[in-house]
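# Summary of the model geometry
As a plain string of letters, each chain reads:
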Amino acid sequence: MGSTFILNKKQMLSSVRVSVRRAMATNVAKKIDQVQGAALEESCILVDNSDKVIGRASKHDCHKVGPDGNIPLHRAFSVFIFNSKNEILLQKRSDMKVTFPGYITNACCSHPLFDGEGETEEKNALGIRLAAQRRLQHELGIPKHEIDIDALQYLTRIHYKSVGDGVWGEHEIDYILFLCKDVTLNPNPNEVSRVCFVPKNEFNTFLNKLEEPITPWFRLIVENRLSKWWDNINDLKRFYDHGNINTFGSTNFNL
């Protein structure tokens, strides 16, 4: 991806750094929302650097930054949705979210659960896609019958880490899924505060005008792969890479 894709990257990163500093100053006093707090008891799938399952841990333990900056590595997924006009669906995360509240990101980002029905199944990333189907319904209100498992295209995986606000962060093997379809949206306000569709020719301008920061995993995809994938939205199979785990030069994207 050329450097022209993000026209004002330095200003965007500066905005993120300011937001992180503000969050670090206020997070101690922040009271965790009851619904979000209950979700912290769910079990994520712990993996090693090769994405081999090594155990389970609560969402709380998988996102709490340790005294040494360590965060347990776990599986996650990021869904990118494009409508029939080839516009990308973006969301603003609810201010009630524990990690990266109020950040702009792709359509849906979450985790397969260790106890989720079928969500540990690795063949054809079926477990990941089942988890994505569940969360698309939960976060965006997309009816389950509109989310065909086979229509969720698994492109590749990325490994990244971000300590977020210094209290809550992420360290994930993140499965990238694409869904090209018009869907019915009824966002859950506990998860999502705003959604919008953005055409590709306005994407640069949209990002540059944002007052909110963007999530580290979304930024990573934007800076390294999104433009090429978007240009080839009708021929994504040639970009399938299920054997490698991409780091784009580094796994650590702390700001």
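Structure report, in brief. (Residues numbered from 1 in each chain as written. Predicted model: local features only at pLDDT ≥ 70, side-chain atom pairs only at ≥ 80, totals over all residues. Heavy atoms only, no water.)

## A look at the overall build of the protein chain
So the rule is basically this: A run of DSSP states H or I qualifies as a helix once it reaches four residues; a run of E qualifies as a strand once it reaches two. Both are numbered from the N-terminal end. The cut-offs for exposure are 20% and 50% of the maximum accessible area for each residue type, with area from a 1.4 Å probe on protein chains only; residues under the lower value are buried, those over the upper are exposed, and the others partly exposed. Here a residue-residue contact requires only that any non-hydrogen atoms of the pair lie within 4.5 Å. Method for areas: the Shrake-Rupley scheme with a 1.4 Å probe, in which residue coverage is limited to the protein chains shown.
Along the backbone of the protein chain there are 7 helices and 10 strands. Counting every position in the protein chain, which comprises 255 residues, the buried fraction comes to 51%. Within the protein chain, residue pairs in contact and separated by at least 24 positions form 71% of the contacts whose partners lie at least 6 positions apart. For the protein chain, the accessible area works out to roughly 11,900 Å², and carbon and sulfur atoms hold 47% of it.

## Thoughts on the environment of Ile54
Within the secondary structure layout, Ile54 lies in strand 2 (residues 53-58). Taking C-alpha positions, Ile54 is 9.5 Å from His74, a pair spaced 20 residues apart along the chain. Among all residues touching Ile54, those that are not within four sequence positions of it are Leu46, Val47 and Asp48.

## Quick look at the pairing of strand 4 (residues 88-93)
The side chains of a regular strand alternate between the sheet's two faces. To be explicit about the condition: Any two strands with at least two DSSP-identified bridges between them are counted as paired.
For strand 4, the buried fraction is high: 6 of the 6 residues fall into the buried class. Neither face of strand 4 is left uncovered, since the one carrying Ile88, Leu90 and Lys92 and the one carrying Leu89, Gln91 and Arg93 both have all their residues buried. By the bridge criterion, 6 bridges tie strand 4 to strand 9 (residues 192-198) in an arrangement that is antiparallel. Bridge pairing links Leu90 to Cys196 in strand 9.

## Notes on the pairing of strand 3 (residues 74-82)
Of all the 9 residues making up strand 3, 9 are buried; the element is thus mostly covered by neighbouring parts of the structure. Across the two faces of strand 3 the burial is the same, with His74, Ala76, Ser78, Phe80 and Phe82 and Arg75, Phe77, Val79 and Ile81 all buried. One ladder, built from 9 bridges, connects strand 3 with strand 8 (residues 170-180); its direction is parallel. Directly across from Phe80, in strand 8, lies its bridge partner Phe178. Looking at chain direction, strand 3 and strand 6 (residues 108-110) are connected through 3 bridges and run antiparallel. Paired with Phe77 across the two strands is Ser110, which belongs to strand 6.

## Structural notes on empty space enclosed by the protein
Stated formally: Definitions used for this entry: grid spacing 1 Å over protein atoms alone; cavity, a set of points where a 1.4 Å probe fits but cannot get out; pocket, an open set with protein on both sides within 12 Å along at least 5 of 7 lines; lining residue, one with an atom within 4 Å of a point. Grid points are joined across faces, edges and corners, and a volume is the space filled by probe spheres set on the points. Residues are sorted three ways: Asp, Glu, Lys and Arg are charged, Ala, Val, Leu, Ile, Met, Phe, Trp, Tyr, Cys and Pro are nonpolar, and all the rest, Gly among them, are polar.
Applying the stated criterion to the full structure yields 3 cavities of 30 Å³ or more. Considering only enclosed or pocket space, the largest cavity measures out at about 270 Å³ in volume. Lining the largest cavity are 23 residues, and of these Arg93, Lys97, Thr99, His111 and Glu170 lie nearest its centre. Those elements giving two or more residues to the lining of the largest cavity turn out to be helix 2 (34-39), helix 3 (59-63), strand 3, strand 6, helix 4 (126-140) and strand 8. By residue class, the composition of the lining of the largest cavity is 8 nonpolar, 6 polar and 9 charged.

## Overview of helix 6 (residues 216-224)
Most of helix 6 sits inside the fold, with 7 of its 9 residues counted as buried. The complete set of buried residues in helix 6 reads Pro216, Trp217, Phe218, Arg219, Leu220, Ile221 and Val222.

## As for the pattern of salt bridges
Applied cut-off: Whenever a carboxyl oxygen of Asp or Glu lies within 4 Å of a side-chain nitrogen of Lys or Arg, that contact is scored as a salt bridge.
This model, assessed by the stated rule, comprises 15 salt bridges. A salt bridge links Arg135 to Glu139; its shortest N-O distance comes to 3.0 Å. Highlighted residues: Arg135 and Glu139, both in helix 4, separated by 4 residues, approximately one helical turn. A single burial state applies to Arg135 and to Glu139, both of which are buried. The partner of Asp235 in a salt bridge is Arg238, and the shortest N-O contact between them spans 3.0 Å. Linked through salt bridges whose partners overlap, the residues forming this network are Asp51, Arg75, Glu122 and Arg157.

## Concerning the nonpolar core
Side chains that are nonpolar tend, in soluble globular proteins, to be buried together. Under the convention used in this document: Note on terminology: a nonpolar core comprises buried Ala, Val, Leu, Ile, Met, Phe, Trp, Tyr and Cys residues joined through side-chain atoms within 4.5 Å.
Of all hydrophobic cores here, the largest spans 29 residues; its most connected members are Phe80, Ile88, Phe178, Phe203, Phe218 and Leu226. At the level of elements, strand 3, strand 4, strand 7 (153-162), strand 8, helix 5 (203-209), helix 6 and helix 7 (226-231) are the ones that each hand at least two residues to this core. Take this core: its biggest share by element is 5 residues, from helix 6. With 26 residues, the next largest nonpolar core counts Ile45, Ile81, Cys108 and Ile142 among its residues.

## With respect to the packing of aromatic side chains
For any two aromatic rings, the description comes down to two numbers: the centre-to-centre distance and the angle of the planes. Quick reminder of the rule: The criterion for an aromatic pair is that two Phe, Tyr or Trp rings (for Trp, the six-membered ring) have centres within 6.5 Å, with stacked assigned to planes under 30 degrees apart, edge-to-face to planes over 60 apart and tilted to the rest.
As enumerated under the stated definition, the model contains 11 aromatic pairs in all. Aromatic side chains Phe80 and Phe218 sit 6.2 Å apart centroid to centroid with 40° between the ring planes, which places their arrangement in the tilted category. Highlighted residues: Phe80 in strand 3 and Phe218 in helix 6, separated in sequence by 138 residues. With respect to burial, Phe80 and Phe218 carry one shared label: buried. Judged by centre distance (5.6 Å) and plane angle (90°), the ring pair of Phe178 and Trp229 falls under edge-to-face. Taken together, the positions of Phe178 in strand 8 and Trp229 in helix 7 put the pair 51 residues apart, joining distant regions of the chain. Residue Phe178 is classed as buried on the basis of its relative accessible area, which comes to 0%. Through a chain of ring-to-ring contacts, the aromatic side chains of Phe80, Phe82, Phe178, Phe203, Phe218, Trp229 and Trp230 assemble into a single cluster.

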